[in-house]
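# Per-entry structural report
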Amino acid sequence: MNESQRQSLLVAIAISSGTAGFSNITPQQRADAFTNLEQFKTYPGRVAACVEMIGCDSLKVATDGSYGSGGGGGTADVTVPGKLYALGVIQEFLKIGYNGLNDSDRVQLRSSIVLAARQLAMSTPSADNNSNNIKMDDSTRILAMKIAALLADLATREFPQRWQTFLTDLFAPVSSGGIWCEPGADAGVNTIGVKICLECLKLITEDCTDSDFNAKISTVRRNDILLGFNEVTNQLLPPLFELLSKQYGDLNQAKSTLTQMNQYLASSGRTTAQMTPEEKAQYQIQLDKRDAAGAILADELGTLEKFCQSMPLDWMFKVENGVDFVAALLHLLQEDVAKIQVLSVACLQQLAIRKLDQDQWFRVISSLPSALFEASKASAQRASERGIDPNCIEMLVEQLDYHRSLSKMCSILVTCHLAHITADKDVASGKGPKFEAVSGYLRLLSEMMSHQSGVICGEQINTWIALLRDPAIVRTNVLNPHLGKVLNSYMTHVVKIRWDDVWDQNHPYSRLIEASWDDDEEYHEWLGNLRSKASQLFRAIGRTEPEIASTAIHLKVRTLLNAHSNGEPRDQLNPENNELTVNSTACQEFEGVTQPLDNILHGLPSWALDDGNYDEKRTRIRNTIHPLLSEMSNLIVAWNPNDVWLKFRRTTLLEALKHYWKYNPSTLPTGVDSLLMYLSATDNPPKESLSEDVVGLRKKSGVSLVAVAKKVPGLLVPWLSQLSDRAKSLLTSGGMSPTNEMHLYEFLSCVATAVENPVDRSNFIADVLSNSMRLLDSPEIQNSIVSVEGLLSFMGISQASSNPACVTDPAFVKKVTNSFQVLFSSLNQLLSVGKRCHEAAKKRPNGGLPLQNLSAAVDDTLNFPDEGPVSINDLAINDPFVPLWPKVLPTLLKVMDVVLRVWHPECQASLLQNNIQRYAIAISDDEAFLATKQDGSVKGVFGQGGTAGSIVSGTDRRDLNLAPRWSGWFNEARNTCFQLLGLICMQRVIFSPEISHLYPQFVAVVANPEHLRSMEHRHLNQYLKQFIEIMMLSCPAPLYQSHLTAILGPVFEHFQYRLRYSWNPVLGIGGLGADSMRPLGSDTCVAAANQLASGGVEQWLITYYARGGLFVGDLDSVTGEAAVEKARVELTRTFVDMMQSVLALKGAWALVLANKAREDSAIKRNDPSKLTSGPGNKLSNGKDFLNADGSTRTLSEIHIDARRLVRIDKLCHFLLLENEQIAGSLVVTIIQCLEYPDAYTCRRSTKIVHRILESVAWLDKYTELLGYRLLSSAVKAIVTEPKWMVGTEWDMINIIRDVYGRLVLGQYFLPGGQGPGLQMSRDPANSMMFEQTKVADKPLLGGGILTSTSDYPRRILMEIGMSQEEVLATEKSLSEKRSAKEQKDVFRDLLRVAADKTKQAEGQVNRGENSILERAGVDESLLHAKLNQPTVGALPEKLVTYSMMKKKERSNSPDPLDGPWHGNLFE
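The sections below set out a description of the structure shown in this document. (Residues numbered from 1 in each chain as written. Predicted model: local features only at pLDDT ≥ 70, side-chain atom pairs only at ≥ 80, totals over all residues. Heavy atoms only, no water.)

### Comments concerning empty space enclosed by the protein
Gaps between atoms show up when a probe of the same size as a water molecule is rolled over them. Going by this rule: Using a 1 Å grid laid over the protein atoms alone, points where a 1.4 Å probe fits but cannot get out form a cavity; open sets with protein on both sides within 12 Å along at least 5 of 7 lines form a pocket; any residue with an atom within 4 Å of a point counts as lining. Grid points are joined across faces, edges and corners, and a volume is the space filled by probe spheres set on the points. Note on residue categories: nonpolar means Ala, Val, Leu, Ile, Met, Phe, Trp, Tyr, Cys or Pro, charged means Asp, Glu, Lys or Arg, and polar means any other residue, Gly included. Helix numbers and strand numbers start at the N terminus; a helix is a DSSP run of H or I with at least 4 residues, a strand a run of E with at least 2.
Taken as a whole, this structure holds two cavities of 30 Å³ or more when the rule is applied. Here the largest cavity defines a volume of roughly 70 Å³. Contributing to the lining of the largest cavity are Ala 1277, Ile 1278, Glu 1281, Pro 1282, Met 1285, Val 1286, Glu 1289, Ala 1416, Ser 1421 and Leu 1423. Counted by class, the lining of the largest cavity contains seven nonpolar, one polar and two charged residues. The greatest single-element share of the lining of the second largest cavity, amounting to three residues, is contributed by helix α48 (residues 963-986). Across the lining of the second largest cavity, the residue classes tally to seven nonpolar, three polar and one charged.

Here is the structure:
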């Protein structure tokens, strides 16, 4: 490159970087400059030119006057931007062309970069030039960082084999040809050289150890570099430690000098602002020295942090020749300049995360308390010098980052090394130096939590929970002395801070709180997380130390009642009635104690509360606890506040007492009576309509009543008649909301389930629900559900056609609302009580199994008398609700039928024509909100940014307007019906003989083809989850044909049709464009209604499914399209989730198979302990039988699992082999799901496909479906490489392997396509066929194969470009290599070739930019992952270090003990 070209390049650099003298640049000149710079990157001689540029001391460019306003004849300095550009070009060259350089060129390039670094280092102040300017400017710093990055890139390619002098080149002093500082150099001298070295080491460490996030360096190269560093630690670590010591000394010296200067000024009555010019200069020199030393220490600690994170622990822990980094890090905790103490904590935290051995760990925890004591003294000294209190808010705010990181590090140090505590005998015995060390360290942790900021204790909560969950630690005395402080600290910080006080600076710690959290949103998120974890902590402390917990909570409650029982200090009052609000101090204090009270009482062990006989220690503790809890219970029950919000808080406290009432119910009647009284609470003074506060109190009282009844139903049975009378009195008094009525019904039903006599239970439940039954049978309700017209009139929809104003008429709105509430509340009360009764039935000793007195052993014949039709009378023995079903079911079917008819096409067309009635079939504001991307800034539907008023523009369901209410009402009615259908299946009433005459009517409604076709996606989603899935799981095996066939046939057939037309527009097939996926809105609904009349129902349904059936009213287009996408995806996911559940691939049935596998393993290994041990992340007592998920396994569960095991086998057989309509539709639908662009659906569909293959692959009639349609879908999905499939490719390749193995190779596999291919032999009678497996009829053991080889899979391979010879070679390879990995690799390689051919054939065909169907890139694709090579590969030179040679010599030298022994003959 000649001088003219060089100047042209420098001018382009000057223009692009905005160098002075080049300010008046036109856009064209700037564009030309950028073009020149880009073109230079392809110039063949660019590397030599760049090497020359970085070797220059300075780079100047002449200005001719055409670029600036100052005239010509001058020069501009482009040294920094020029060298940065040159270094960037060289760095890019390293990635693509460095491997092609010869040895001499590589050495020359490396030397040039080192020389550039040395020149930069020498340009900074040195010990010889006595310069006072030791600050580093930004441009120099940027250039230094660029050089460091380039040196790191070179080192990762060369060190140690080719660059053996790396350390000496860099860490030698400048005077000796390196870039490191001179020995004993003062702060600020050769700072740049030190910074380059430290940054280079940091980058190399990151690149060579962070392999999870950096794959540019090969594993062999990483290992070579790390081995090289280990070999030269004696050259690397001492200079680093010497630098640390020297700079820390300079820092302290500068600080000492500054202190003396300040003292001198103070003695003369002056301040720093009154210094003379000479004094200011000297003062500034010391400030600069302090800051320069602090900056170097901070840089070195940044590098050491990476060493602590990844390098051998001996680097930090080994003490040799005065080098002790751990001691240095502990000492640096005293220093606050440049956040050195925070960086030191970061280094220690990285060590804490590592797996320290016992000696290393005990060294750290033994040293930390004294180190922190010294750091505290240093902090106090600094505060004293400033004349302020060491514990003042100013100091707390300044040190908050340090205290927070310190608390986190100290807690991690314990959490990651619990085994050292449990394994040590000294700690277990409670004596010895190690016990004292651990105890002292935990004392330090507990004392940290006295900090006024909650974030400090928040960092430790996981540690204390882990300690309390470890039974070995709990048995020692190491925790007991500290739990009181821990408990009180968390009870203090779970009380909510009133953020208004912080904003107004009225809180005593406002500045500290503002420093701890950015705003109230972040604080409330933190508080929610803290409370969530604190529940475990409170419960654990109550369980392990009941005396400490009981004493603390008793004192807390008594103190609060003494201080705030009447609302003192009565702040934040409601101006309307002078009552407390939710933000009042008293309310917030009582709110904060509820969680500790509830969880501590919940955690107390039974021996601390009951009257059993126990040892002396437990008896003493119990005698201490009883009077405390009794007094506390009496205080809460006797408290009778007047303010509504205090009543609300009292309700929560009463609910928490349910755990105590289980053992001592003396105050239970009074407490329950108070809750019942609050159900009829009113405002003071009374209002026409209840305030939100009173409504909230009533709701909470109802919820608390239900919670108490669920916990202690048996204790309330003696007062059942009084409770019933009280409930009836409340119900007949009027004024109760439907929600409160439902709570009352639930409360009574919970109590009723504890009644021993089944007949009395059933009679009481019938009496409780008599009002709901009567209302459902009333003429008004029955007339409304006879026809669609009656229902529309009942809901005020019909009237809107002739009188639009009626929908906003207050009297009409109130009348219609009350009428609908009667219908909905009656159904909802039935549902709620029915669920409670069913839950209670499952908790009975027989697990809810009818006709059973369970024995310890399960019937080996699998002949269960209850697996079939069971009469209602027999079912009622366990479940008192079931006798009501013969009366409830006819009405339920009428309601469901008429609600679903509203969505029939002809009815929709009529409603869509009217500009008010159309909103009846729209989605609700809540559903629109769920379709939006939600974050913490949006506070619900009605909050700022919510969707209230978006469907019916300008109005929502809270207004006196029927239009926005209709959609929610329909959702409530429909979902309640679906849940009741699920309930009748769970309770098995639908399979009983007494209901058989209603079953045809039942099928006619639930499987009505018109209903199925007309439902929206969101309706069908609930239909599957709440009814179809439950019915399949609840149906006894002998009744599959009689009860499931008529329902599942139409359902699966419709699903195949619906899903195809829902996804066709997304896949770009079927002729429908992207517009078809837009939801129906108010502006397009009339045209859609007219289309129905002109195009017919079938054509209308196709577009109906494309948009998910949604009508979104006035909703904006973006949210509307998101709602359609959500509906489509959720429906597909719900379907595959349902099929996984019924095929025992997830859920309760999958747990049955997991338990069965554990039992078989225990029998095979003769190891019963496997049945009493849970998963590794859960603790077990080693006595109780456990499920595979760690939950307790009861006798009833064993019997239930035996029945489920039968159903698993029979249902799979029924779905796939007994009915062609069901099996055909199901299998085709699952195959289609493999093609839909949703990774969730695809991944789960692959598991279902394996189960299908295991069940039916051996049948000839499935061969074409599996061997061609299924395999072609799987191969297409892999070969086309769509982006959406990234991450699921191995699952799909495993499908291909499973199909090919079973249909062609005569191989079968373990369930799920796992394990090696199990090869079957050829049939001796016919060599063209394979022998069938012994488990062909047992899919759970692997299933069967197709005995006669199919050509369908071979045809697929030939269609993607394989020749016959290649197919045969592939089959030979698959037969010889039968491991899962090898076979999948074979398919990946052949599919990669096909994918490349397909990609070439596609050419420039665009699948849509940023589309989910777009082809994945090479870096994303699994097919090409094996071809991706790291940027930095292994060197051809084998690494041989001195340590390796010495080790080899030792291994080759003969051992003296191996020679002949002559004994000590002459001694």
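### What to know about the nonpolar core
The criterion, for reference: Definition of nonpolar core: a set of buried residues of the types Ala, Val, Leu, Ile, Met, Phe, Trp, Tyr and Cys, connected through side-chain atoms within 4.5 Å. Note on classification: 1.4 Å probe, protein chains only; a residue is buried when its accessible area is under 20% of the maximum for its type, exposed when over 50%, partly exposed between these limits. Contacts are assigned to residue pairs with any non-hydrogen atoms lying within 4.5 Å of each other.
Grouped together as the largest cluster of nonpolar side chains are 432 residues, with contacts concentrated most on Tyr 1023 and Leu 1215. The element that contributes the greatest number of residues to this core is α48, accounting for twelve residues. Discounting residues that sit within four places of it in the chain, Leu 1215 has contacts with Met 1032, Leu 1048, Phe 1052, Met 1139, Val 1142, Leu 1143, Ile 1222, Ala 1223 and Leu 1226.

### Overview of unusual backbone geometry
Note that the residue after Phe 159, namely Pro 160, is joined by a cis bond; omega there is -5°. In this fold, Pro 160 is placed in the loop between α6 (138-158) and α7 (166-171). A cis geometry characterises the amide bond from Glu 568 onward to Pro 569, with omega recorded as 5°. Structurally, Pro 569 can be placed in the loop between α28 (546-564) and β3 (573-574). In this structure, Lys 339 takes a positive phi of about 55° despite not being glycine. Relative to the helices and strands, Lys 339 is located in the loop between α13 (325-331) and α14 (340-353). Of note, the phi angle at Gln 505 is positive, near 60°, even though the residue is not glycine. Secondary-structure assignment places Gln 505 in the loop between α25 (499-503) and α26 (510-516). For Gln 505, a relative accessible area of 41% corresponds to the partly exposed category.

### With respect to helix α34 (residues 692-711)
Rule in force here: Between the first and last residue of a helix there are one fewer steps than residues, each counted as 1.5 Å, and that sum is the expected span.
Along its 20 residues, α34 runs 29 Å from first to last C-alpha, staying within 8% of the 28 Å computed at 1.5 Å per residue. Taken residue by residue, α34 has Val 694, Leu 697, Arg 698, Ser 701, Gly 702, Ser 704, Leu 705, Val 706, Ala 707, Val 708 and Ala 709 as its buried positions. Each element contacted by the buried residues of α34 is listed here: α31 (644-656), α32 (658-661), α33 (668-678), α35 (713-716), α37 (738-752) and α43 (810-842).

### Focus: the pairing of strand β6 (residues 1314-1319)
Rule in force here: In short, DSSP must find at least two bridges between two strands for them to pair.
Of the strand pairs in this sheet, strand β5 (residues 1307-1310) and β6 are connected by three bridges, and their pairing is antiparallel. Residue Gln 1307 lies in a different strand from β6, and its bridge partner there is Gln 1319. Hairpin connection from β5 to β6: three residues lie between these consecutive antiparallel strands, with Gly 1312 at a positive phi of about 80°.

### A closer look at the packing of helix α61 (residues 1289-1305) against helix α63 (residues 1364-1376)
Where we set the bar: Angles here are taken between N-to-C directions and fall from 0 to 180 degrees, while the axes themselves are lines fitted to C-alpha atoms, restricted in helices to the stretch in contact. Roughly parallel here means an angle under 35 degrees, roughly antiparallel means over 145, roughly perpendicular means 65 to 115, and every remaining angle is called oblique.
Where α61 meets α63, the closest approach of the two axes is 12 Å, and the angle between their N-to-C directions is 100°. When the axes of α61 and α63 are compared, the pair comes out roughly perpendicular. Facing α61, whose interface residues are Tyr 1300, Val 1304 and Leu 1305, α63 presents Val 1367, Glu 1371, Leu 1374 and Ser 1375. In terms of residue class, the contact of α61 with α63 is made up of five nonpolar, one polar and one charged.

### Quick word on the packing of α33 against α34
Heads up, the rule is: Left-handed describes a crossing in which the near helix is turned anticlockwise from the far one by less than a right angle; the clockwise case is right-handed.
Two elements in contact, α33 and α34, have axes separated by 8 Å at closest approach and are oriented at 145°. Crossing of α33 over α34 shows left-handed handedness. In this structure, α33 uses Leu 668, Val 672, Leu 675, Leu 676 and Tyr 678 to contact α34, whose residues at the interface are Leu 697, Arg 698, Ser 701, Ser 704, Leu 705 and Val 708. Each residue belonging to the contact of α33 with α34 can be placed in one class, and the counts come to eight nonpolar, two polar and one charged.

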